[in-house]
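Chain by chain, the residues:
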Amino acid sequence: MYSALNRCSQRSTRPWLSRITRYLLCNKPIKKLPDIGPDMTNRGTLIRPLKKSELINVKQLAQAENWNVGEAEVDLMWELDPDGFLGAEIMVDSSPRIVGCASCVNLNDSYSCGDLFIVEKPYRRQGIGKSLKEAIFVQAGSRNVSINSVCSDVESNVKSGNFPTISFSMKVFEGCLVTPADLALHAPTDVVITPYTGDEFEELYVYDTEVHVIPRRQMLQGIIGTKDAHTFVARKENSIVGFGVSYSIGKGYNVGPVFADSSQIAQALFRRLFDCLPKGSNIELTAPEDNTFSVQMAKRCQLNLSFDMIRMYSKEAIDFKAMNKVFSLTNSGFGMV
């Protein structure tokens, strides 16, 4: 059961390796939760959905952990589910303060996605994280909850009984992009790659759903419409055979999703996306571990392996029948792939 642990890189010393993993949640607001436990003496704690104006707290908490989170990503997820960001609020010097958070974005009646499970360092080991986790499962109800777990947490997640199902592994790369000269610019001769115009969205949505499994029309529109986003579409005859997106995040750019019918098409999409970015840009790319092409390409681009993650579920794993088409996930947190 724990074979996935052996594939995890133990070399990374990134500060977020100790982060509690991401959760897929539903959008039913929490009506009432008990105050956090006995260690929070004289400091009643409220777990509640955050307003859009309070998302600055989430961004600040993420920045303090040195997580590369884009404002556009956070705003988009909030638009998808206005109840999707939970905050842990306590009174500090007679003023309310958000000292922890967890995002929970509803995808449908069966699945949701989440990220950004954070508790400010001075307030850890005082029950706040536990209460946020309990709130997550209150929100999830009967839904199948999914997390992306860092390697150090996989065994404890299984033993707890909360996440018994281990699925696929992924690698998060980041660094200053160096595009190899031999990274092909041209797709196979029977494939044409063009910039996205908007007219092909419905076709793109159908292709995305084939890969992502769970339809995500609004999320896909938001990703493509993100500030500084670049999107390219690959066609063979009259059919879409791949597409790729890059967009700005906290520090640099996220490259993904990149979905394609073959590694040759994916390579040409990556090259187009890379060529659109400012020289020396910092990028983040999340590749399935089993996609040898993407893993090797990231290394050729001199990107550093930041950390590994394992997809886990509270129920059965989602069957991604087109996983071979995933060359870069949407990002390291939001979305199923």
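Below is a short write-up of the structure. Computed from a prediction, not measured in an experiment: that's the story for all the values here.

Quick look at the side chain of Ser294
Next up, step 1: In this fold, Ser294 is placed in helix α8 (residues 292–300).
Next up, step 2: If we ignore the near neighbours within four places in the chain, the residues touching Ser294 are Phe270, Ala287 and Phe327.

Notes on the environment of Val154
Next up, step 1: Locating Val154 in the fold gives a position in helix α4 (residues 151–159).
Next up, step 2: The exposure class of Val154 is buried, given its relative accessible area of 0%.
Next up, step 3: Taking the C-alpha atoms as reference points, Val154 and Pro164, separated by ten residues in sequence, lie 9.5 Å from one another.

Brief notes about helix α1 (residues 55–64)
Next up, step 1: Within the span of α1, buried status applies to Leu55, Val58, Lys59, Leu61 and Ala62. The arc that holds every buried residue of α1, seen down its axis, measures 160 degrees, which confines them to one face. Across from the buried face of α1, at angles greater than 90 degrees, the exposed residues are Gln63 and Ala64.
Next up, step 2: One or two positions beyond α1, positive phi appears at Asn66, with a value near 65 degrees.

Focus on the packing of aromatic side chains
Next up, step 1: Overall, the coordinates contain seven aromatic pairs when judged by the stated rule.
Next up, step 2: On the numbers, 5.6 Å between centres and 80 degrees between planes, the contact of Phe243 with Phe259 is edge-to-face. One end of the pair, Phe243, is in strand β9 (residues 239–249); the other, Phe259, is in strand β10 (residues 252–260), with 16 residues separating them in the sequence.
Next up, step 3: Each residue in the set Tyr207, Phe243 and Phe259 is aromatic and connected to the rest through ring pairs, giving one cluster.
Next up, step 4: The ring of Tyr205 is capped by Arg217, whose NZ or CZ atom sits 4.2 Å from the centre of that ring.

Concerning the nonpolar core
Next up, step 1: Judged by nonpolar contacts, the single largest core of 52 residues is most densely connected at Phe85, Leu116, Phe320 and Val337.
Next up, step 2: With 30 residues, the next largest nonpolar core counts Phe173, Ala187, Ala268 and Leu277 among its residues.

So, unusual backbone geometry
Next up, step 1: Looking along the chain, the bond that leaves Gly256 and enters Pro257 is cis, with omega of 5 degrees.
Next up, step 2: Not every positive phi belongs to a glycine, and Val213 is a case in point at roughly 75 degrees.
Next up, step 3: If you check the backbone angles, Glu237 has positive phi at about 60 degrees while not being a glycine.
Next up, step 4: Note that Glu237 resides in the loop between β8 (230–236) and β9.

A closer look at the pairing of strand β6 (residues 165–176)
Next up, step 1: Of the strand pairs in this sheet, β6 and strand β12 (residues 304–313) are connected by eight bridges, and their pairing is antiparallel. From the neighbouring strand, Glu174 faces β12, where its bridge partner is Asn304.
Next up, step 2: One ladder, built from seven bridges, connects β6 with strand β11 (residues 282–288); its direction is antiparallel. Bridge assignment links Met170 to a residue of β11, and that residue is Pro288.

Re the pattern of salt bridges
Next up, step 1: Going through the model one piece at a time under the given rule, you end up with 16 salt bridges.
Next up, step 2: The salt bridge partner of Asp308 is Lys171, with a shortest N-O separation of 2.7 Å. Pair noted here: Asp308 is in strand β12 and Lys171 is in strand β6, with a separation of 137 residues, a long-range link. One exposure class covers both Asp308 and Lys171, and it is buried.
Next up, step 3: As a salt-bridge pair, Asp190 and Lys236 come within 3.3 Å of each other at their nearest N and O atoms. Note that Asp190 is positioned in the loop between β6 and β7 (191–195) and Lys236 in strand β8, a separation of 46 residues in sequence.
Next up, step 4: Overall, the relative accessible area of 38% leaves Lys236 in the partly exposed class.
Next up, step 5: A cluster of three or more residues bridged by salt bridges with shared partners is formed by Arg48, Glu54 and Glu89.

With respect to the environment of Val172
Next up, step 1: Examined against the element boundaries, Val172 turns out to sit in strand β6.
Next up, step 2: Among the residues examined, Val172 registers a relative accessible area of 1% and is labelled buried.

Thoughts on helix α3 (residues 128–140)
Next up, step 1: Here α3 spans 18 Å end to end across 13 residues, near enough to the 18 Å set by a 1.5 Å rise per residue.
Next up, step 2: Within the sequence span of α3, burial applies to Ile128, Ser131, Leu132, Ala135, Ile136, Gln139 and Ala140.

Criteria and cut-off values
Residues numbered from 1 in each chain as written. Predicted model: local features only at pLDDT ≥ 70, side-chain atom pairs only at ≥ 80, totals over all residues. Heavy atoms only, no water. Helix = DSSP H or I, 4+ residues; strand = E, 2+ residues; numbered from the N terminus. Contact = heavy atoms within 4.5 Å. Buried < 20%, exposed > 50% of the residue type's maximum accessible area, 1.4 Å probe, protein only. Arc of directions from axis to C-beta. Phe/Tyr/Trp six-rings, centres within 6.5 Å; stacked < 30°, edge-to-face > 60°. Lys NZ or Arg CZ within 6 Å of the ring centre and 35° of its normal. Core = buried A, V, L, I, M, F, W, Y, C linked by side-chain atoms within 4.5 Å. Pairing = 2+ DSSP bridges. Salt bridge = Lys/Arg side-chain N within 4 Å of Asp/Glu carboxyl O. Expected span 1.5 Å × (residues − 1).

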